[in-house]
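Survey of secondary and tertiary structure
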Amino acid sequence: PCSARRGGRAGLEHGEAFHVWIVERAISPATGLVTPLIVDAETYDPHPYARDFARYLRGAGRSPETSRAYLPRLARYLNWCIAQARDPLSATVIDLSRYRHDLEAMTRKGGSRVGPGTVAAHLTAVLEFLRFCGAHGYADAEVIARLSRPRFLQHTPVGFDAGEHGQRRFVEAPVVRVQVPSTQPKPLSEEQVSSVLDVPLSPRDRFLVGCLLDTGARIGEALGLRRQDLHLLPDSSVLGCRVRGAHMHIR
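Before going into details, it helps to say that this report is about the structure given with it. Since we're looking at a predicted model, the values are computed, not measured.

1. Points about the layout of surface pockets
Computed from the structure, the largest pocket encloses a volume of approximately 860 Å³. R62, S63, P64, E65 and G220 are the residues nearest the centre of the largest pocket, which is lined by 30 residues in total. Only β4 (34–40), α1 (48–59), α2 (64–83) and α8 (219–223) provide two or more residues apiece to the lining of the largest pocket. At 9 residues, α2 tops the list of elements feeding residues into the lining of the largest pocket. Residue composition of the lining of the largest pocket, by class: 12 nonpolar, 8 polar and 10 charged.

Structure representation (structure tokens):
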């Protein structure tokens, strides 16, 4: 059961948030590391399971951007459960369907509805949190398992190991899903690229901008690069790498 406090402010209502759980920045006094944390809006006590979930994301090597994106979405879900008098760790398919409906009814500050991509991102964060709780004994694993079902992969991604005879081509897909229209990204024009490169930048920032422009890497991948990942010589065999030509490794 969640240790949410019911006194004071309520949860979500008509797209507006009266928060019981909020996201604040936590600063380690030992290392100075800044991480997001879900805390009680009145007492600032951290949510125990969300705190462990944030530790799990960090320990699993996920990008810091993942925690920054997931925790506000998770806090919204926890507040919604309080408003609906639901235990967030005993969510059913019906509960997540209602939550999806309420997300789809939300409006932005300008009055526009949130898009399906935003709704899907919220549901992804919530489902990953619930799977974490089920795997670590915070929630009933059988209840959480009902939120997913096996789905056969018609086309496996690059590097996917399907095993002998393809017996591992099944993945756990969420039951409550949102269809997100697939759109091609709009590339920058030559004038836009020039305007970015004309801005005075430090050598580090110029490298990052050039890396994003030339390779198509995601910002989290570029920020996660280390010097040993950059093989900029025509031949990197002395480094134990068989790839020829200048390149970099995304880990």
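Read on, since the account is not over.
2. A few points about the pairing of β4
When a strand is regular, its side chains alternate between the sheet's two faces. The buried fraction of β4 is high, at 6 of 7 residues. In the sheet, strand β3 (residues 21–27) pairs with β4 via 7 bridges, with the strands oriented antiparallel. Bridge pairing links A26 to T35 in β4. In textbook terms, the turn of a hairpin is the stretch between consecutive antiparallel strands, and for β3 and β4 this stretch comprises 6 residues, one of which, G32, has a positive phi near 80°.

3. Notes on helix α4 (residues 116–135)
With 20 residues, α4 should cover 28 Å at 1.5 Å per step; its first-to-last C-alpha distance of 28 Å lies within 8% of that length. The element α4 is largely enclosed, with a buried count of 14 among its 20 residues. Positive phi shows up at G137, right after α4, with a value of about 80°.

4. What about the packing of helix α6 (residues 190–197) against helix α7 (residues 203–215)?
As a packed pair, α6 and α7 sit with axes 11 Å apart at the nearest point and diverge in direction by 165°. The pairing of α6 with α7 is recorded here as roughly antiparallel in orientation. Crossing geometry of α6 relative to α7 is assigned as right-handed. Between α6 and α7, the contacting residues are V193, V196 and L197 on the first element and R206, V209 and L213 on the second. Residue composition of the contact of α6 with α7, by class: 5 nonpolar, no polar and 1 charged.

5. Some words on unusual backbone geometry
Here the phi dihedral of Y44 falls at roughly 65°; this positive angle occurs in a residue that is not glycine. Considering the arrangement of structural elements, one finds Y44 in the loop between β4 and α1. Look at Y44 and you get partly exposed, because its relative accessible area is 48%. Here A85, not a glycine, exhibits a phi torsion of approximately 55°, which is positive. In this structure, A85 sits in the loop between α2 and α3 (93–104). A relative accessible area of 56% means that A85 is categorised as exposed.

Analysis parameters
Residues numbered from 1 in each chain as written. Predicted model: local features only at pLDDT ≥ 70, side-chain atom pairs only at ≥ 80, totals over all residues. Heavy atoms only, no water. 1 Å grid on protein atoms, 1.4 Å probe; cavity = no way out; pocket = protein on both sides within 12 Å on 5 of 7 lines; lining within 4 Å. Points joined across faces, edges and corners; volume = space filled by probe spheres on them. Helix = DSSP H or I, 4+ residues; strand = E, 2+ residues; numbered from the N terminus. Nonpolar A, V, L, I, M, F, W, Y, C, P; charged D, E, K, R; others polar. Buried < 20%, exposed > 50% of the residue type's maximum accessible area, 1.4 Å probe, protein only. Pairing = 2+ DSSP bridges. Expected span 1.5 Å × (residues − 1). Axes fitted to C-alpha atoms, helices over the stretch in contact; angles between N-to-C directions. Parallel < 35°, antiparallel > 145°, perpendicular 65-115°, else oblique. Left-handed = near helix turned anticlockwise from the far one by under 90°. Contact = heavy atoms within 4.5 Å.

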